[in-house]
Amino acid sequence: MGIGFFQQDQNKEGDDDKKKDDGGLFFKRLITSNYDTVGERQNLMLRSSREIAYSLRHTYPMTVLEVYKHMSDLGFRAVYVDGELMWVMYDRNETDI
């Protein structure tokens, strides 16, 4: 048939369905390929669920609660810094200082 707005809306809905069906598989692969739950002190990073959701807004939009759930499932530890919950993450990329 023809190309139109209806077909674009269908694709958009299909993408949302994929996100719901995969159980956060894309998010989990993305996080575990870049970050570890343990590591060296120089690779330590603290990120809030809001920061993680914001950084993924264009590639894999998620809510803060979804990020919290998936990070907990992956075994990342959380600490409070100035009253805000922060995820303890270790960057897998080695940095040369």
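Preceding this paragraph is the structure being described.
Attention in this report is confined to the structure presented alongside it. Quick caveat: nothing in here was measured; it's all calculated off a predicted structure.

## What about the overall build of the protein chain?
Reasoning step 1: Check the secondary structure of the protein chain and you find 4 helices and 4 strands.
Reasoning step 2: Mapped in sequence order, the helices and strands of the protein chain form the string α-α-β-β-α-α-β-β.
Reasoning step 3: The contacts in the protein chain between residues at least 6 apart in sequence include a share of 70% that link residues at least 24 apart.

## Topic: the nonpolar core
Reasoning step 1: Phe-27, Ile-52, Val-67, Met-71 and Met-89 are the most contacted members of the largest nonpolar core, which totals 13 residues.
Reasoning step 2: Those elements that place two or more of their residues in this core are α2 (25–34), α3 (49–55), α4 (64–74) and β4 (84–91).
Reasoning step 3: Beyond its immediate stretch of four places on either side in the chain, Val-67 contacts Phe-27, Ser-49, Ile-52, Ala-53 and Met-62.

## Focus: the pairing of strand β3 (residues 77–81)
Reasoning step 1: Where β3 lies against β4, 5 bridges are found, and the strand directions are antiparallel. Bridging across to β4, Arg-77 finds its partner in Val-88.
Reasoning step 2: Connecting β3 to the next strand, β4, in antiparallel fashion are 2 residues, including Asp-82 with a positive phi near 50 degrees.

## Quick word on the packing of aromatic side chains
Reasoning step 1: In this structure the tally under the stated criterion is 2 aromatic pairs.
Reasoning step 2: On the numbers, 5.5 Å between centres and 50 degrees between planes, the contact of Tyr-68 with Trp-87 is tilted. Here Tyr-68, found in helix α4, pairs with Trp-87, found in strand β4; they are 19 residues apart in sequence, far enough to count as distant.
Reasoning step 3: Cation over ring: Arg-57 sits above Tyr-54, and NZ or CZ is 3.9 Å from the ring centre.

## Looking at unusual backbone geometry
Reasoning step 1: Notably, Asp-82 is not glycine yet its phi reads approximately 50 degrees, a positive angle.
Reasoning step 2: Of note, Asp-82 is situated in the loop between β3 and β4.

## Comments concerning a nonpolar patch on the surface
Reasoning step 1: Nonpolar side chains collect at one region of the surface, where Leu-44, Leu-46 and Val-81 lie side by side and expose about 200 Å² of accessible area between them.
Reasoning step 2: Structurally, the position occupied by Leu-46 is in strand β2 (residues 44–47).
Reasoning step 3: Owing to a relative accessible area of 31%, Leu-46 belongs among the partly exposed residues under this scheme.

Quick notes on the rules
Residues numbered from 1 in each chain as written. Predicted model: local features only at pLDDT ≥ 70, side-chain atom pairs only at ≥ 80, totals over all residues. Heavy atoms only, no water. Helix = DSSP H or I, 4+ residues; strand = E, 2+ residues; numbered from the N terminus. Contact = heavy atoms within 4.5 Å. Core = buried A, V, L, I, M, F, W, Y, C linked by side-chain atoms within 4.5 Å. Buried < 20%, exposed > 50% of the residue type's maximum accessible area, 1.4 Å probe, protein only. Pairing = 2+ DSSP bridges. Phe/Tyr/Trp six-rings, centres within 6.5 Å; stacked < 30°, edge-to-face > 60°. Lys NZ or Arg CZ within 6 Å of the ring centre and 35° of its normal. Patch = residues over 30% accessible without salt bridge, like charges linked within 9 Å, V, L, I, M, F, W, Y side chains within 5 Å. Areas by Shrake-Rupley, 256 points an atom, 1.4 Å probe, with all protein chains shown as cover. Salt bridge = Lys/Arg side-chain N within 4 Å of Asp/Glu carboxyl O.

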